[in-house]
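In case you want the letters, here they are:
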Amino acid sequence: MDLTHSDTDEEFRAEARAWLAEHVPRAPLPSLETAEGFAAHRAWEAELAADRWSAVSWPVEYGGRDAGLLQWLLFEEEYWAAGAPGRVGQNGISLLAPTLFDHGTEEQRARVLPPMASGEVVWAQAWSEPEAGSDLAALTSRAVRTDGGWLLRGQKTWSSRAAFADRAFGLFRSQPGAADPHQGLTYLMFGLRAPGVTVRPIGRLDGKPAFAELFLDDVFVPDQDVIGKPGQGWRVAMSTAGNERGLTLRSPGRFLASAARLAELWRARGCPDHARARVADALIGARAYQLFTHAAASRFLDGARIGPESSMNKVFWSELDLAVHETALDVLGAEGELAGTDWSEGYVFALAGPVYAGTNEIQRDIIAERLLGLPKGRR
Amino acid sequence: MRFLLDAEQLAFADSLHAMLTAADTPAVVRDWSRGEHASGRALWARIAAAGVFALAVPEEHGGVGPRPVELAVAFLELGRHAAPGPLAETVAAAVLLGETPRAKEFLPGLAAGTDIATVAAPTGFALDGDAASLCLSPTPQGLFRSATAPGVVRRSLDPARRLTPLASDGELLVAGPAGGQALAWTRLATAAQALGVGLALLDRTVSYVRRRTQFGVPIGSFQAVKHRLADAKTALEFARPVLFGAAISMRPADVAAAKLTACEAAYTAARTALQLHGAIGYTAEYDLSLWLTKARALRAAWGTPDECRDLVLADGLG
Ligand SMILES: Cc1cc2nc3c(=O)[nH]c(=O)nc-3n(C[C@H](O)[C@H](O)[C@H](O)COP(=O)(O)OP(=O)(O)OC[C@H]3O[C@@H](n4cnc5c(N)ncnc54)[C@H](O)[C@@H]3O)c2cc1C
């Protein structure tokens, strides 16, 4: 049992802190969910990438620093504590990149990763469909074999940031008759501006085009953009899902920083009694998530793989995030209603946490069945 | 950084678990609740022989301490088996007296389990004063006197917790400022015990819902049942690292956070266990009740949720 970091790790942290202190924009960037904000965030990714801070855990050859898991966690703590901008490259960096490391080819990694790190190519996740949300295996979009590649047909929806992004990755049915819906799926990458693609932005609660529908009409994808073996897409996708629920999408650093900001806000507003317990609980919740992550990281370093415990992470961080933002709005009182503040923007974002990345109901099923061993019920 | 129990610590937990399983603790708890202390004393001797109290006693006085991480490991197992008696209070006495010139007189007996101690909370009763050979009572200045228990027992929500008022008429035994440190140790032990109580409640409930059938299927296949258990599991699994993080730092705010988190998680597990057992869960004769009532009682012992939160807000977390 030990919570101290090695000298090398602490030096890495200090280097990150110093860099961030010098480079983090003084004024917050405009919202990521606007064209102007998207461009500003791309520029920030490029600035991060120039000094190899945009994907620190990647190998040096792809623009990373070969940072281990603990260093990555320390970087994230510093990043969010410094008040640095949200990451527009996140879908690619935290979902597609790990998939390529596990299932991609050398050629794919060399081609896809460097422009992803620099924000030159921003990726969207195209999994959900109008009739396939929680039941992802019910998807019906198709990949049809053609000379040298595949033709994509169908519709995807709720693709975050697809309104402004460049490319997307997703699952398609390549063998329509398969007896098991998890069979005969293929995982592919495609261009959002390729011929045959129509992107229709969808406004989220506050009207900002945070996600989009994609209509695919015989969109050509060359063989080199298939990830893993054709027909084996479900297995490839599930390795991405573990990352999405687990650490890489939401590091503890983010919640430590927002709980600390909540406590500051609460003190600045005269420590109102109605929020006292919730402010304390937010601080404790963020610390609990950090320590839980340290324990998980220790297990990974011992050779364990991401398993169904990541479902506990997902439920925990999404509820913590929402609780922090709800409390902040309550502390702000009548001002809490104002749109466009850091807290209200964060609140709108946090509201979706229990829904995306696999709803919390689905995660609770996984916890009950796979961690507690309860019998499968009807879905 | 390697934030996991090592092989030796895991083996210590396993051996305590095996010993407590063999000891049939539910029968001991029921004796203890009636004021019959013989089986409890025999269990106490075994707990001491396993080295539990020695963890709070320095080597020069017959212990192996101070070792808060191992203490948390041990108390988690004691909670898992609902072991009765002033366990955390004996740890408190060891820490209080360890700072005094009389340490060598008292500590070897506490480490060896020949003496059972209790300490009165500043505003309340002492736990099991009727069974303790050494009672300590705080003065308004935060020092501690030896005390006698006049034999009055007030009932707790948890029948195994025998609350006794103390007559604090004795000698001043602790004249220095050891109270804060002792409180941190007691709180840590109580947090660990609560987490163990919660884990036992979850385990028992999971096996019950797999066995019990209604509408022709195990009730554990119903989603409303699964989701309550998933929430209880998540709360307990997030309390565990907070507990061990506090055991490493022993900062008062970290320990308060651990007490709050473990007790809230255990209480969630208790409510879930009671609901999912249906009527049988509401009976005293079914063993589940031994843990259900303890989960509620430990929540208030050595720091209410609000007291713990105030410490976190005042000092910040480590
Ligand atoms: C802000 C945001 C961003 C998103 N970004 C992306 C993205 O980038 N790419 C992408 O592919 N998708 C994205 N999604 C979509 C998201 O993954 C889905 O919304 C999610 O999987 C749920 O699907 P659904 O919305 O169709 O709801 P449904 O599956 O229809 O569920 C509706 C309700 O029913 C419940 N329910 C469904 N089945 C069960 C069951 N078996 N047991 C219990 N309850 C059940 C759900 O939990 C939910 O409460 C995003 C969603 C949001 C809100």
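Residues numbered from 1 in each chain as written. Chains lettered and ligands numbered in written order. Predicted model: local features only at pLDDT ≥ 70, side-chain atom pairs only at ≥ 80, totals over all residues. Heavy atoms only, no water.

Under an unreviewed UniProt entry, chain B has the name Acyl-CoA dehydrogenase and belongs to Streptomyces pluripotens. Chain B has a UniProt comment under Cofactor (unreviewed entry) that states "FAD". Reading the Sequence similarities (unreviewed entry) entry of the UniProt record for chain B gives the comment "Belongs to the acyl-CoA dehydrogenase family." (UniProt positions renumbered as here; feature names shortened; annotations may be inferred.)

An unreviewed UniProt entry annotates chain A as Acyl-CoA dehydrogenase of Streptomyces pluripotens. Per UniProt, the comment on chain A under Cofactor (unreviewed entry) is "FAD". According to its UniProt record, chain A has this under Sequence similarities (unreviewed entry): "Belongs to the acyl-CoA dehydrogenase family."

Student: An account of the sheet that holds strand 7 (residues 172-174) of chain B is requested, with residue identities and associated values reported.
Tutor: Residues and elements named next belong to chain B. Spatial strand order, 1-3-4-7: four strands in an open sheet with mixed pairing. Whereas interior strands pair on both sides, the edge strands pair on one side only; in this sheet they are strand 1 (117-119) and strand 7. Averaged over all pairs of adjacent strands, the angle between strand axes in this sheet comes to 35°, irrespective of strand direction. Across the sheet, helix 5 (residues 87-98) lies against strand 1, strand 3 (134-138), strand 4 (144-147) and strand 7, angled at about 85° from strand 1, the strand it touches most. (Pairing = 2+ DSSP bridges. Helix = DSSP H or I, 4+ residues; strand = E, 2+ residues; numbered from the N terminus. Axes fitted to C-alpha atoms, helices over the stretch in contact; angles between N-to-C directions. Contact = heavy atoms within 4.5 Å.)

Student: Quick one: what's the story with helix 11 (residues 305-315) of chain B, residue by residue and with numbers?
Tutor: For helix 11 of chain B, the set of buried residues is P305(B), C308(B), R309(B), V312(B) and L313(B). Projection of helix 11 of chain B onto a plane perpendicular to its axis shows the buried side chains occupying an angular sector of 135°, all on one side. Where helix 11 of chain B is buried, its residues touch helix 7 (252-268) and helix 8 (273-301) of chain A together with helix 9 (252-277) and helix 10 (288-300) of chain B. (Buried < 20%, exposed > 50% of the residue type's maximum accessible area, 1.4 Å probe, protein only. Arc of directions from axis to C-beta.)

Student: Account for the interface of chain B and chain A, with residues named and values stated.
Tutor: The interface of chain B with chain A comprises 38 residues on the first partner and 41 residues on the second. Summing both sides of the interface, chain B and chain A together bury roughly 3,700 Å²; the carbon and sulfur share of this comes to 70%. The largest share of the area that chain B buries against chain A comes from M1(B), F238(B) and L313(B), three residues that together contribute 24% of it. Counting across the chain B and chain A interface gives five salt bridges. The salt bridge involving R2(B) is made with D302(A); its shortest N-O contact spans 2.4 Å. Put simply, chain B and chain A have 16 residue pairs in polar contact (both at pLDDT 80 or more) between them. If you list the elements that add at least two residues to the side of chain B that touches chain A, you get helix 7 (179-211), helix 8 (223-249), helix 9 and helix 11 of chain B. Among the elements that make up the side of chain B that touches chain A, the one with the highest residue count is helix 8 of chain B (15 residues). (Buried area = accessible area lost by both parts, 1.4 Å probe. Salt bridge = Lys/Arg side-chain N within 4 Å of Asp/Glu carboxyl O. Polar contact = N/O pair within 3.5 Å; in protein donor to acceptor, adjacent residues only side chain to side chain.)

Student: Would you mind going over the site of the ligand in detail, with residue names and values included?
Tutor: Around the ligand sit 18 residues, and of these S134(A), W158(A), S160(A), T359(A) and Q223(B) come closest. Chain contributions to the surroundings of the ligand come from chains A and B. Within the backbone of W127(A), one N or O atom sits 2.9 Å away from an oxygen atom of the ligand. S134(A) is positioned such that a nitrogen or oxygen atom in its side chain is 2.6 Å from an oxygen atom of the ligand. When isolated, the ligand has an accessible area of 960 Å², and the protein chains bury 67% of it. Among the elements of the structure, strand 3 (149-160) and helix 11 (360-371) of chain A are those that each provide at least two residues to the shell around the ligand. Looking at the shell around the ligand, you find at least three residues from each of domain 2 (123-231) and domain 3 (250-372) of chain A. (Near = heavy atom within 4 Å. Areas by Shrake-Rupley, 256 points an atom, 1.4 Å probe, with all protein chains shown as cover. Domains from an automatic or database assignment.)

Student: Tell me what's going on with the packing of helix 3 (residues 69-81) of chain A against helix 7 of chain A, and back it up with residues and numbers.
Tutor: Residue and element names in this part refer to chain A. Contact geometry of helix 3 with helix 7 gives a least axis separation of 7 Å together with a crossing angle of 30°. As summarised for this structure, helix 3 and helix 7 are arranged roughly parallel, according to the angle between their axes. Between helix 3 and helix 7 lies a crossing whose hand is right-handed. Seen from helix 3, the contacting residues are L73, E76, E77, W80 and A81; seen from helix 7, they are P252, G253, R254, L256, A257 and R261. Looking at the contact of helix 3 with helix 7, its residues break down into six nonpolar, one polar and four charged. (Parallel < 35°, antiparallel > 145°, perpendicular 65-115°, else oblique. Left-handed = near helix turned anticlockwise from the far one by under 90°. Nonpolar A, V, L, I, M, F, W, Y, C, P; charged D, E, K, R; others polar.)

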